[in-house]
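Observations on the model geometry
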Amino acid sequence: MRQLRRSLRILSEMKKYDTLFLDRDGVLNKKIEAGYVLDICDIEVLPGVVYFLSRVRNLFNQIIVVTNQRCVGRGMLTMDRLEMINRTLNQLTGSHIDHFLVCPHLNNDMCECRKPKDGLFRKAGDIYNIDFSNSVLVGDSESDLIPAKELGIKTIYISGYESKYADKRVSSTLHLLSAFNNLY
Ligand SMILES: [Mg+2]
Ligand SMILES: [Zn+2]
């Protein structure tokens, strides 16, 4: 009996999915056209995001942001300041994010982490032992979707345009939850 109760408890603690990967700019906060989020006052949380995260939080073991921030490589922002911005963004969206993984490099740095390369996803996989085939990415750019698809992650694309890399597409962050409801 005790054994059965223990099994039932483990079962009820199992999550539906493994990891939710999120791009940052254009997914959590408004993308700054021809510029960067360089200060906390530049953060504008997109509509529906707080509600979306609160509703899906318990479906996942972890929520991880994977973001290219070449403003760091360009010397416009220090890593410390970027981390402060990310912490603030996490607070503003309900503190559901477990980890921010950042590529600070420039295009010509030839790093392995700048999306569409998959280095940030692999790094997350090393830290959390992730089951990619049971994970989901939300991105607003094909460079988010490409590395995810290569690793077998399901993709939700926030865009006005179709993409062959998108499993689901929504026109705005307001519709994220509905895209999610029938993903599998
Ligand atoms: Mg983006
Ligand atoms: Zn990089």
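Residues numbered from 1 in each chain as written. Chains lettered and ligands numbered in written order. Predicted model: local features only at pLDDT ≥ 70, side-chain atom pairs only at ≥ 80, totals over all residues. Heavy atoms only, no water.

Another point: the coordination of the zinc ion (ligand 2). All of the protein donors around the zinc ion (ligand 2) are C103 (SG), H105 (ND1), C111 (SG) and C113 (SG); their distances to the metal are 2.0 to 2.3 Å. Each of the four donor atoms bound to the zinc ion (ligand 2) contributes to angles spanning 99 to 116 degrees, and the resulting shape is tetrahedral. Read N to C, the donor residues that coordinate the zinc ion (ligand 2) are spaced as C-x1-H-x5-C-x1-C. Judged by its relative accessible area of 12%, C111 falls in the buried class. (Donors = N, O, S within 2.8 Å, 3.2 Å for Na, K, Ca; no water. Tetrahedral: all angles 85-135°; square planar, octahedral: opposite > 155°, others 65-115°. Buried < 20%, exposed > 50% of the residue type's maximum accessible area, 1.4 Å probe, protein only.)

Residues annotated in UniProt with the feature "binding site: Mg(2+)" (unreviewed entry) correspond here to D23, D25 and D140. These residues run over 118 residues, yet every pair of their C-alpha atoms falls within 8.2 Å of each other. Here D25 lies in the loop between β1 (19-22) and α2 (49-56). Aside from chain neighbours lying at most four places away, what touches D25 is K31, V37, Q69 and D140. Engagement of the side chain of D25 in a polar contact is seen with the side chain of R24, the distance being 2.9 Å. Among the residues examined, D140 registers a relative accessible area of 17% and is labelled buried. In contact with D140, other than residues within four places in its own chain, are D23, D25, G26, V27, K31, Y157 and I158. (UniProt positions renumbered as here; feature names shortened; annotations may be inferred. Helix = DSSP H or I, 4+ residues; strand = E, 2+ residues; numbered from the N terminus. Contact = heavy atoms within 4.5 Å. Polar contact = N/O pair within 3.5 Å; in protein donor to acceptor, adjacent residues only side chain to side chain.)

This part covers the packing of aromatic side chains. For any pair of aromatic rings, the description consists of the separation of the ring centres together with the inter-plane angle of the planes. Tallying each qualifying case throughout the model produces six aromatic pairs. Ring centres 5.6 Å apart and planes at 85 degrees place the aromatic pair Y17 and F180 in the edge-to-face group. With Y17 in the loop between α1 (2-13) and β1 and F180 in helix α7 (residues 176-181), the pair connects residues that are 163 residues apart, well separated along the chain. For Y17, a relative accessible area of 3% corresponds to the buried category. With relative accessibility at 4%, the residue F180 sits in the buried group. Centre to centre, the rings of F21 and F121 are 4.9 Å apart; their planes meet at 55 degrees, and the pair counts as tilted. Residue F21 is found in strand β1, and its partner F121 is found in helix α5 (residues 119-128); the two are separated by 100 residues along the sequence. Neither residue differs from the other here; F21 and F121 are each classed as buried. (Phe/Tyr/Trp six-rings, centres within 6.5 Å; stacked < 30°, edge-to-face > 60°.)

The subject of this paragraph is unusual backbone geometry. Note that the residue after K115, namely P116, is joined by a cis bond; omega there is 15 degrees. Along the polypeptide, P116 turns up in the loop between β3 (99-103) and α5. Positive phi, close to 50 degrees, is recorded for A34, a residue that is not glycine. Mapped onto the fold, A34 is located in the loop between β1 and α2. Phi at M110 is positive, roughly 55 degrees, even though this residue is not glycine. The topology assignment puts M110 in the loop between β3 and α5.

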